[in-house]
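Listed below, chain by chain, are the residues.
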Amino acid sequence: MEKEISQAVIKRMPRYYRYLGELISDGVERISSNELSIRMKVTASQIRQDLNNFGGFGQQGYGYNVKFLHEEIGKILGLDKQHHIIIIGAGNLGQALANYVKFEERGFIIIGLFDINPAMKDIAVRGIQIRMVEELERFIKEHDVDIAALTLPKAKATEMAERVIDLGVHAIWNFAHVDLEVPDNVVVQNVHLSDSLMQLSYTLEKQKKEKVKK
């Protein structure tokens, strides 16, 4: 039986991948958990525990081979494969996602962009033609779609999620202001931008209060 990995560990893996990528760019070939901990502000024991969930990858007295570890974490995150994405909702956020070229460097290829506004039909965003949602069913049947990104108003998101799931899409990246509930065979990542901004606001206000006390 495959070991169950905690969500806390999974959330840290992309950060490891990013830092290791920076080390490769800097020409670093190997690094110890202590050195990595200083860069990442994570304890060395936490790093070792996290990586031991997947086999460890380090050698005592040597540390980690940066390129090898970067590649192995990439495999763990599924970045050694291509994932085809469609974006439903071609407003400002949808177009910003379509314009973000870093996705392709990670193997996430945006192959379709959809909207309900007829005025947007056939407009191209970084070479991706905006289609009408009426074309969604045919498009998904004709293309291998792995992920549907929803950049829609809250009122439309649940209905659209059900629609793409019925069409065979098993992963949803949801930017609408609603937590989607999906069947067990579908994965969903709810991204609430306002939540992170409110968390930032809380921390900012906390710091201000601490300064006043001093």
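Calculation criteria
Residues numbered from 1 in each chain as written. Predicted model: local features only at pLDDT ≥ 70, side-chain atom pairs only at ≥ 80, totals over all residues. Heavy atoms only, no water. 1 Å grid on protein atoms, 1.4 Å probe; cavity = no way out; pocket = protein on both sides within 12 Å on 5 of 7 lines; lining within 4 Å. Points joined across faces, edges and corners; volume = space filled by probe spheres on them. Helix = DSSP H or I, 4+ residues; strand = E, 2+ residues; numbered from the N terminus. Nonpolar A, V, L, I, M, F, W, Y, C, P; charged D, E, K, R; others polar. Pairing = 2+ DSSP bridges. Contact = heavy atoms within 4.5 Å. Axes fitted to C-alpha atoms, helices over the stretch in contact; angles between N-to-C directions.

Colleague: Residues and numbers for the layout of surface pockets, please.
Modeller: When its volume is computed, the largest pocket comes out at roughly 2000 Å³. Lining the largest pocket we find 42 residues, and of these Ile10, Pro14, Leu77, Phe108 and Gln189 sit closest to its centre. Of all the elements, helix H1 (residues 7-25) adds the most residues to the lining of the largest pocket, at 8 residues. The class makeup of the residues in the lining of the largest pocket is 23 nonpolar, 10 polar and 9 charged. Ile88, Gly89, Asp115, Ile116, Val133, Leu152, Pro153, Lys156, Glu159, Met160 and Arg163 are the residues that line the second largest pocket. Of the residues assigned to the lining of the second largest pocket, the class counts are 6 nonpolar, 1 polar and 4 charged.

Colleague: Any chance you could break down the sheet that holds strand E5 (residues 124-125) for me, citing the residues and the numbers?
Modeller: Consider a sheet: its strands pair through backbone hydrogen bonds, and that pairing is either parallel or antiparallel. Read across the sheet, 7 strands follow the order E5-E6-E4-E3-E7-E8-E9 without closing on themselves; strand pairing throughout is mixed. The open sheet has two edge strands with one neighbour each: E5 and strand E9 (187-190). With respect to the sheet, helix H5 (residues 92-99) is in contact with strand E3 (83-88), strand E4 (108-115), E5, strand E6 (128-132) and strand E8 (171-174), its orientation differing from that of E4 by roughly 155°.

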